[in-house]
Each structure stands twice: as structure tokens, then as C-alpha cells.
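Below are the chains, spelled out letter by letter.
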Amino acid sequence: MKILVAVKQVASLDEDFEIRADKKDVEEDFLLYDLNEWDDFSLEEAMKIKESSDSEVEVLVVSVGPDRVDESLRKCLAKGADRAIRVWDDAIEGSDSIVISRILAAVAKKEMPDMVFAGVQSSDQAYSSTGISTAAYLNWPHAAVVADLQYKPGSSSAVIRRELEGGMLQEVEINCPAVLTIQLGINKPRYASLRGIKQAAAKPIEEMSLADIGLSAADVGAGSSMSRVRRMYIPAKGRAQMIEGTIAEQAAKLVQIINEFKGA
Amino acid sequence: MRVKKTAYTLVDKAISSGDVYSAAAVYGISDGRRRKLLENMVFSKRKELLRLASWEHTPTEVLQLLSDSEDAFVTLRLCKNPKTPSETLTELYVKSFKDISKGVNLTTPIAKHQHAVTNLLAIITHVNEDLETLKAISQNPSANGQLLMELLSYPPQDEKYKVFDKNIASNPSASAEALKVIYDRGDAYARAAVIAHANCPALLLSDAESDSNVLVQRKVARKCVKLEVLANFVENKDTAVRCGVASNERSPQSLIKKLMVDSSFEVRRRLAKRYNLSLVDIDALMNDEDSWVRLWIARNKTTPLRVLKVLSYDECLEVRRAVASNPRCPVVLLEALAKDNNAWVRSAVAYQEKSPMRILVELAKESDIDVLSGVANNRHTPQSILQELVQSSESDIRRGVILNRNARRATLMPLLEDPYYLHRLMLVNNPMLNATDKLQLCEDPDFNVRFAAYSWFAGLEKSTKTWV
């Protein structure tokens, strides 16, 4: 039994930053990298299945990205993942989320997992499409925004609860193998133990090239993507204004604005 | 491993680690060639330079060093970093004139900075016409009374300067003179802020007693000492005005008695917080229909034991919890509340400093996280139980042991390997652990822990001065 967990190293920003010269992204020096928050939950869900199973379960984490991504993969290994694969080739630069899914699906075809978990979305790009597109490339069933999972390794189906609008949950039985995108709060992610961190430092991260997974440079990159970033910019200030005055005055103005919007 | 208490050893260790945060931590105890090496580490990567410039823990010596950077974004972050020292801000302001072509506005963040000295703020005020910068100064507590008075000389009839009055009325450095100017020409909001100000002169308070505006009356009600004024306020239609009287420490007993039957629970809640309630008043409030009124009575440190006992049976669990948390709660009540059917109430017993060991031993048999966290925190919990709680899978419980002032070295030692970085960070300053114990934290995988550990050792060196 094998669970493939697709993870992403995401970028966050400080208050002041510069846009890159080509205007397509933020200057690298201003980006702080960490593992995508949703992926912590995906990995934990896989670990829970592994730890509660009588049979052997392998948890494999996979990411697409340059060398710096190793740090996030090591974090996953430190938390108990058995193996980590990083796929990279300079030709991948500029790929949209659909192409990233093509790469993840190619890894899945090679590794033949019984389940694929991904986060509902990434905190930096928020396309919410990688997991679902991976399912499409694999021609597997999929379920999005999974808030609860009941699955026994080896079962031909799983029962999941999907989070809907208005606090509703939808209970779904899904055939396996399947791709699930995991929602925040489904579990309580663990911290990596110091021992785990030390062991992870010694574990190899398997680097895969495009050729290793049966793809070529022509299959990836901006040219093969269905969407391309044209520019990234800070929009002109809108109608927002600072409410000034004493604290009581600010509160009164705020109440007035709320009442105006409510039509009161 | 034996700890060598020399700064050079510590600095060399930081240098060989290659970690910029460790380097920043020991920079203040370095000198000569080693200092140069640390500077090279700090300046080696722009990414780290930017992070150190905005990080709230970066030592002041390092922030001073970073001010040498020619990077406009590093400089801007330094101007916004709340820890940047006064001298550095002054230097950055001077430098901003030389680097004006870089187009980054440093003046406004410096004008907002609470470490900007009054003289610097005065210079900025005199050479600057930018409204946002002047507004920042009017809100900055580092601006003295004289400077704030200068800002009040801007034409108040001009709409854009009106906000100066409001900002200064809320600025703790505003002088009585400035407050009088604002009060005399201000609207109700400004007058109310002036009356609420700690420096408000008695004369203005006296003037305001006849103010018909409810915003002003609310503030007067909290500070006024005149019986006739307060008596009028007790009849006021505005709940917040009556709340003001209920909160006013000098309100006489006769008025408090009237407010006891006030129709607003907000007024009665304010009364329940008073420390000079009569026994008759307490008896009345302990039976109030509003559970928050009863809760404040249960929390009140002047509430007699007889009342606490009654409230320990209250239907509202928050009231029972408040009884258990009350510093005057007797052990006999704690014994009873330790058997409460609600874990949230029992957790308050577990946290209560007066809970004796026998209660804690019983509570330690539970599985509820809140209860066990309280047991872990409590200084009366036996070490043997703390040693068990250290093994808990719940981080809140393990943190309780770290926060326990009586947790001994042997109890704390396993927590140096705690998976949660914050726990390891908290142990850096724990007096029960010695330098040898803490040495491993200098090599922690988390940069926050490494920085804290190196800073602790650097502080040790500074205090013993063995490195000079």
C-alpha cells in the first residue's frame, strides 16, 4: 500500500517588496519559503493511515521545484514520510498548475500509489487545481475539500466528508484509487521530532528528471501551459480610507458606515 | 561537554555554524577580526539582510550595523522595526537626505517610530510639510508637550489639520496646556478625549460637568468627584454614563445603592467589579439574573467566603470556574469544585495556586487536556507527576510543565528534545537548566531557538565579563 502526497513549497511576503524586472513575480530576495499549510494536513492524514494500519503503508511525498524545495521535503521526511521525490528541470520554469499536475501524474504512474493526497490549494497561488487536474491526468476519481476521511488500506472505496458552503458537509463514497484534496482542520498536524529531523537530514531525496518520468521539455514550461502570467503588480489604491479622529469618533464613523451599507 | 565561558569560543562557534541568526546573537560580544567575520556573514545574503532588518528580535547592535547598508529596502525596514534604537533612527534620517533619489519615504516611518527622540521629531516637524508625517508626529508619544503645542498652531479651521487635535488629545504626552487648547475649540469627540486624558487639568473637568453632550458626560462620570453631578448622571438615560458612575471609584455608597437596581445589566456588571461593595450589595448581585454579574462577583477578590460558597453551586459553569480561580477561594471549596461535573471548572482548580497536592494528585488521574495543563502548571504538583506529564502527546500539557516554576532540572531535561520549537525556545531562559544543558540548543534545527540560545550565552558572557 502506498500513499502519494503531493506537496508544494510556497512563498510568503513581508510588508515591503520589489517586483522583479520582468514584472512577472516578486523579487526572490523578498520571498520567504515554507511548506504549504494545507500539505501539512495532507501529510498528517497519510501518516494517520500508515500508523493505524496493520499492513505496511508507504508514504511518499512528491514535489516539483528547484533545490530549495529539498528543505520542505526534509520537513515531511522528519514528520515520518518514508520517501521524498523532487522533480526538476529548468524547462519546468513557467509551468502553470495544470502542467505541474501532468508532472505529478507522471510520477504517480511510475510509483503506482493506491491513493494520492494533495492540499485543497496553495497559499501563494491559490489555483486549487493541482490535485483535481492530477486526477484528470490519471483518469482517477477525485474529491475536493475533504474534511474527513474513513479509509482502510486495501479497500476498494473510501468514505469522505466534503466541506460545502453554509457549514454543510457532504458524505461521499468514492472508489479507490482516488485523488483527494485535503482541507485544513481535518486533523492536527504533528511537529517533527528532533530525532526525526536528524534522521531526515541523512535520508536521500530522490531527484527525478523529466526523462525519468517519461516526459520531455516540450511537455512542460510556459509554452505547454494553458495559462501564462502576463504581469504581477500592486493595484492602485481603491476607495479605502483611514478613519481618523478619537477612538470614540472612529467607532461612531464605523457604525455609521456599517449602517449605510445595511441601509439602516 | 564542558562549557567554556569565553566570548571568543562562543563567537567562533557561531562563525563556524554559518548561521546568520547565531552570528547576530553574538555580534554584541565580538571584537576585532571576529567582529568583521560576523559582519561579513550578516551582509552576505540580501534575503537575510532584509529579514534581520525587520525581525523584532534582531539585537540593537546589529540593527545599528545594518544601517550601513545602501539597500533602500533594508533602510526602510529598519525605520519600521520597533526595536531600532534612537541613534540609528537619527542617523537614518540624516542619511535619507543623501539618498533622496532612491525615492523611498523614510521620514514618515521615522516620525511614527516611538524611539525617535523629541529633537529629531522637532526637526522633522520644522522641515516637513507632509501631512501624513505631521499626523504621525501628533500620535507619537515621544513628541513632548512643546512639540505637540506647535502642531496645534496649524490653522484648526483648515479641515486637513483638524485631526491633529484629535490625535494629540489621545497622545499620552499631551500637556495640560495643549489639552485646554483642544478642549476650548474642539467638538464633542475632542472634548471627551481631553476629559479622559490622564493629564486633563481639574479645571477642565469642572467645566465639563455642565457639558450637555453625552460623549463628554460618559468621561466625566468616570472621573468626577462631585456628588450632585454624579447624582444627576445616575438618572441619565444613557447606559454608558451610568456605567461611568458605576466604575468611578469615588462614587459614594448612596449612588451605588441606586445603581444596584439599574435596569441595565451592563451597569450591574460594572458594579460587580468594584472592590468596595457592601455585603448587602454583594448579596444582591450574587443573585442577579445576569450570569456575567454573578461571574464578576465570583472573580472579585473582596467577595466573602460565604458568597463564594453559594456561587460554587451556580448553574453557570463560568461562575463556578470564577470561584475556583478566585485567589480567596478556600481549600474546602476547591475540594468540592475539583469534583465538579464540568472539566472547565476542574481545570480552574488545577491552575489555582492554593490547590494542595492531594487535589492535584487526584486531578492528574484525568484525561482532559485543560485539567492536565493546569496540573502541569501548578507549583504544588509533585515532580513524579510532572515527569509523567512531560511524556504527554499534548503540547499544551508539556508547556504547562515548562511554565511550572517548581519543575526541576531532571523533569525538564526531556523537554530539550520537545518536537515543538516554542517549548525548546522557552527552556533557553529556564533557571533550572544549566549552561551545559542549554548548549545543545545552539545547534537546534529552528533558527529562533538557536538565536535565543546564543543570545542567552552572550548575555552570560556580558554579565560575567570573562571575555574582556
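Asker: Describe the overall build of chain B, naming the residues involved and giving the relevant values.
Answerer: When helices and strands are tallied, chain B shows 34 helices and zero strands. Across chain B, the fraction of contacts at a sequence separation of at least 24, relative to all contacts at a separation of at least 6, is 49%.

Asker: Outline the overall build of chain A, listing residues and values.
Answerer: The number of helices and strands found in chain A is six helices and 11 strands. Projected onto its principal axes, the C-alpha coordinates of chain A cover approximately 65 × 45 × 40 Å. Counting the 264 residues in chain A, one finds 38% classified as buried.

Asker: Give a detailed account of the nonpolar core, specifying residues and quantitative values.
Answerer: Ranked by internal contacts, the top residues of the largest apolar core, which has 132 residues, are Ala24, Val26, Val323 and Val375 of chain B. Counting 62 residues, the second largest nonpolar core, distinct from the first, contains Ala6, Ile100, Ile174 and Ile182 of chain A.

Asker: An account of the interface of chain B and chain A is needed here, citing residue identities and associated values.
Answerer: A common way to express how large an interface is: the accessible area buried when the components associate. If you look at the interface, chain B gives 20 residues, while chain A gives 16 residues. Those elements that provide at least two residues to the side of chain B that touches chain A are helix H4 (46-54), helix H6 (72-80), helix H12 (162-169) and helix H14 (188-196) of chain B. The class makeup of the residues in the side of chain B that touches chain A is 13 nonpolar, two polar and five charged.

Asker: Summarise helix H28 (residues 369-377) of chain B; cite the residues concerned and give the values.
Answerer: Within H28 of chain B, seven of the nine residues are buried, which leaves it mostly tucked inside the rest of the structure. Along H28 of chain B, the residues that are buried comprise Val371, Leu372, Ser373, Gly374, Val375, Ala376 and Asn377 of chain B.

Asker: Run through helix H16 (residues 214-223) of chain B, naming residues and quoting values.
Answerer: Along an α-helix, residues three or four apart share an orientation, since each turn contains 3.6 residues. The buried fraction of H16 of chain B amounts to eight of the 10 residues, a majority that puts the element mostly inside the structure. Every buried residue of H16 of chain B is accounted for by Leu215, Val216, Gln217, Arg218, Lys219, Val220, Ala221 and Arg222 of chain B. Elements in contact with the buried residues of H16 of chain B: helix H6 (247-262) of chain A together with H14, helix H15 (202-208), helix H17 (227-234) and helix H18 (239-247) of chain B.

Asker: Describe the packing of helix H26 (residues 343-351) of chain B against H28 of chain B, naming the residues involved and giving the relevant values.
Answerer: Residues and elements named next belong to chain B. Put simply, H26 and H28 touch, their axes get as near as 7 Å, and they point 5 degrees apart. When the axes of H26 and H28 are compared, the pair comes out roughly parallel. Contacts from Ala343, Trp344, Arg346, Ser347, Ala350 and Tyr351 in H26 reach Asp370, Val371, Gly374, Val375 and Asn377 in H28. The residue inventory of the contact of H26 with H28, partitioned by class, reads six nonpolar, three polar and two charged.

Asker: Lay out the packing of H16 of chain B against H18 of chain B with the relevant residues and their values.
Answerer: Residue and element names in this part refer to chain B. At a minimum axis distance of 7 Å, the contact between H16 and H18 shows a crossing angle of 10 degrees. Accordingly, the angle class assigned to the pair H16 and H18 is roughly parallel. Residues Val214, Gln217, Arg218, Ala221 and Arg222 of H16 form the contact with H18, whose own contacting residues are Ala240, Val241, Gly244, Val245 and Ser247.

About the thresholds
Residues numbered from 1 in each chain as written. Chains lettered and ligands numbered in written order. Predicted model: local features only at pLDDT ≥ 70, side-chain atom pairs only at ≥ 80, totals over all residues. Helix = DSSP H or I, 4+ residues; strand = E, 2+ residues; numbered from the N terminus. Contact = placed C-beta atoms within 7 Å. Buried ≥ 20, exposed ≤ 12 C-beta atoms within 10 Å, placed from the backbone. Core = buried A, V, L, I, M, F, W, Y, C linked by C-beta atoms within 7 Å. Nonpolar A, V, L, I, M, F, W, Y, C, P; charged D, E, K, R; others polar. Axes fitted to C-alpha atoms, helices over the stretch in contact; angles between N-to-C directions. Parallel < 35°, antiparallel > 145°, perpendicular 65-115°, else oblique.

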